[in-house]
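Structure assessment
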Amino acid sequence: MDEDVIGLLSQLQNMNKTIVITSDTSYSKKNFFDFLEHLKITPFIDNIYLSSEIKLNKASERLFKHICEAESVSFNKIVHVGDNVYSDITVPETLGMSAVLYCPEITLSSEHRTVLYQFGYEVLAPVIIDFCSELQTEVKEDSTLIFLGRDGYLLHSVYNSIFEESNNNHYLYLNRVLANQIYYSELNESLCDYIRSEHKSEGVWGLVSIFGLYETSFAVQLVNFLTENKVNQETFLEEQIVNKLLAIPTMVRSFNESILERRSNNLRYIEQFVSLKNGESVEIIDVGWRGEIFKKISHQYSSVLQAHLLCSSSSNQNVHGYITRSKKNKEFFSIVSEYRDLLEFVLSDSVASILYIDNELNPVLNRDKFNQDNENNIRNLIQNAILDRCKAVKIEPLKDRDTIRPETTFHRSNNLQNLSKFLTSMPPSFVDAVGMFEIANSINGTSSVTFNDVLPTDRGQSTSINDMKNIQSMLYCFLKMINELRRSNELVIYGAGSGAEFILPHLSEQCDFIVDINNKIHGQKVQGVEIRPLEELQQFQGTVLVSVIGRKNQIAGVLDKYPVNIIFLEDYL
């Protein structure tokens, strides 16, 4: 325990302040008390409130409310200290508490710095350079290229580094939020279905966060609606809530007017860089996986012709995925897609996520995330290594579009193979260096997931859905799995997403609870089954059915430390 922390606790005690500890944990109160004893701080602690004992958590607000009632204190008399931006800062501040983010500075060792630099220079740089080189041969002549912020930040830097004379490209903020502002225009059942299917964990507040409607009249009305109906922001957007919302004309009108204003600002911001009129050719460049932003933008503007993504699972003929361009590279997609969070982090701009474009056409960014400075140390080190490699590569832009470019020093298949080898067997020092940082897994750039949750294990590759034989055999395997699981005395589902929604109608009576690494949704229910922290598995010895598709490597590693029998839904599809 840091001596400064002990000194602070002693000082607070001398000031007659009440000191309590609260934690979202699966440990019993006795085990937790033993831990505090080891740290030699129990003399300073007046009380302990644990989610495992009270069956409430911080992310849902209910644990904080319980503490206030138990201690007979109002929210404005509490100062909460924690290291999670959402559950330790955002939630307490929403309730009227003061909150302090504990964010210790992390110093990278020389070994960490070396392995991070080598990853950028030797492994990732050849793939990025080769991708940018292919752009020159594939984009339409005189096209304007839009590199999307934030993930396209390094792609844009590399492109301009190796093609110094290029002036047909722009880097601008055009993320999922801004694409939604262009694509959607009114609050209706279809829009709510989109939230439920694609952004369930955003809850009811997704009506604001997913469409960038912060600081609008609709946001104010939604807060009042939630208060009146005694619903918190993280509650899933269930059908009964949707029906209530849509039955309020002023609520619907306020949403429609607010998103119209956001769309207007958004389009004026974009048109500063490029005109989206018929007759012009605009092509989108991004890291990408599904081409979601391209599809929403091109739906509105015919001039946006194509999207060129570093990696794409889309079969859309206008979405070109570098790694999935040919059949022989399908194996690389299954590997790279598993570690897309890591690659998106490495290639992203270091600024916070964009929320909306204001009336002065300036991007409004989310406040700094947890460990922002520490994250940037890692990100900048890898990005600098990639740009250092670019200095040795200068490729002249093609004058004749029919000319075949001479071979460069890079060879695509070898580059992809080196990347896949690295991702499936990362050096321990690399894992140590990035494993303590959080991933921005929500649409507004906040996070409750660390890289430790998605880094690789020694397990084999995930089953590819493309390898499924036919629908009949899939149904047979699925029914076989259901029959086997119905005989289980104890069953837990891992993952609260669409896979759980799919499987629960068949196993709701057998399923004890759901576990999910996203602490924002702990305490919520899917089809009547409660979502709990992953640590609940420490006291569970039955079967865990993994409902998440496509991340078998990482999830297997996460679950290996628990005394459970693991079954993957994707093995039966």
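Before going into details, it helps to say that this report is about the structure given with it. Bear in mind the structure is a predicted one, so any value in this text is a computation, not a measurement.

**Regarding the overall build of the chain**
The helix and strand inventory of the chain stands at 22 helices and 19 strands. Expressed as a percentage of its 573 residues, the buried residues of the chain come to 54%. Contacts spanning at least 24 positions in sequence make up 65% of the contacts within the chain whose residues lie at least 6 apart. In the structure as shown, the chain presents an accessible area of about 26,500 Å², 47% of it carried by carbon and sulfur atoms.

**A closer look at the pattern of salt bridges**
Tallied over the entire structure, the rule returns 10 salt bridges. In this structure, Glu 292 and Lys 296 form a salt bridge, with 3.2 Å as the shortest nitrogen-oxygen distance. Taken as a pair, Glu 292 and Lys 296 lie in helix 14 (residues 292–300) at a separation of four residues, close to a single helical turn. Here Arg 532 makes a salt bridge to Glu 530, at a shortest N to O gap of 3.5 Å. The structure contains a network of salt bridges with shared partners spanning Glu 198, Arg 290, Glu 292 and Lys 296.

**Some words on helix 8 (residues 176–183)**
Counting buried residues in helix 8 gives six out of eight residues, a clear majority hidden from the surface. Here helix 8 has its buried residues at Val 177, Leu 178, Ala 179, Asn 180, Gln 181 and Ile 182. Tucked into the core, helix 8 has its buried residues touching strand 6 (169–173), helix 9 (189–198), helix 10 (206–209), helix 13 (249–270), helix 14 and strand 10 (354–357).

**Some words on the nonpolar core**
Counting residues in hydrophobic clusters, the biggest one holds 81 residues, and the most contacted among them are Leu 116, Phe 119, Leu 124, Ile 297 and Phe 430. The biggest single contributor to this core is helix 6 (residues 110–138), with 12 residues. The next biggest cluster of nonpolar side chains, apart from the first, holds 30 residues, and it includes Leu 191, Tyr 194, Val 204 and Leu 213.

**Details of the packing of aromatic side chains**
Summed over all chains, the structure comprises 17 aromatic pairs. Where Tyr 194 meets Phe 211, the ring centres are 6.5 Å apart and the plane angle is 55°; that geometry is what we call tilted. Of this pair, Tyr 194 sits in helix 9 while Phe 211 sits in the loop between helix 10 and helix 11 (217–228), and the two are 17 residues apart along the sequence. Comparing Tyr 194 with Phe 211, the two get one shared label, buried.

**Quick word on the sheet that holds strand 5 (residues 144–149)**
Taken in spatial order, the five strands of this open sheet run 6-5-7-8-9, and their pairing is parallel. Each edge of the sheet is formed by a strand with only one pairing partner; in this case those strands are strand 6 and strand 9 (319–321). If you compare each strand with its neighbour and ignore which way they point, the axes differ by 25° on average. In this sheet, strand 6 lies alongside strand 5 in parallel orientation, the contact comprising five bridges. The residue bridging Ile 146 from the neighbouring strand is His 170, located in strand 6. Strands strand 5, strand 6 and strand 7 (282–286) of the sheet are contacted by helix 7 (residues 153–162), whose axis makes an angle of about 165° with strand 6. With respect to the sheet, helix 14 is in contact with strand 5, strand 7, strand 8 (304–309) and strand 9, its orientation differing from that of strand 8 by roughly 175°.

What counts as what
- Residues numbered from 1 in each chain as written.
- Predicted model: local features only at pLDDT ≥ 70, side-chain atom pairs only at ≥ 80, totals over all residues.
- Heavy atoms only, no water.
- Helix = DSSP H or I, 4+ residues; strand = E, 2+ residues; numbered from the N terminus.
- Buried < 20%, exposed > 50% of the residue type's maximum accessible area, 1.4 Å probe, protein only.
- Contact = heavy atoms within 4.5 Å.
- Areas by Shrake-Rupley, 256 points an atom, 1.4 Å probe, with all protein chains shown as cover.
- Salt bridge = Lys/Arg side-chain N within 4 Å of Asp/Glu carboxyl O.
- Core = buried A, V, L, I, M, F, W, Y, C linked by side-chain atoms within 4.5 Å.
- Phe/Tyr/Trp six-rings, centres within 6.5 Å; stacked < 30°, edge-to-face > 60°.
- Pairing = 2+ DSSP bridges.
- Axes fitted to C-alpha atoms, helices over the stretch in contact; angles between N-to-C directions.

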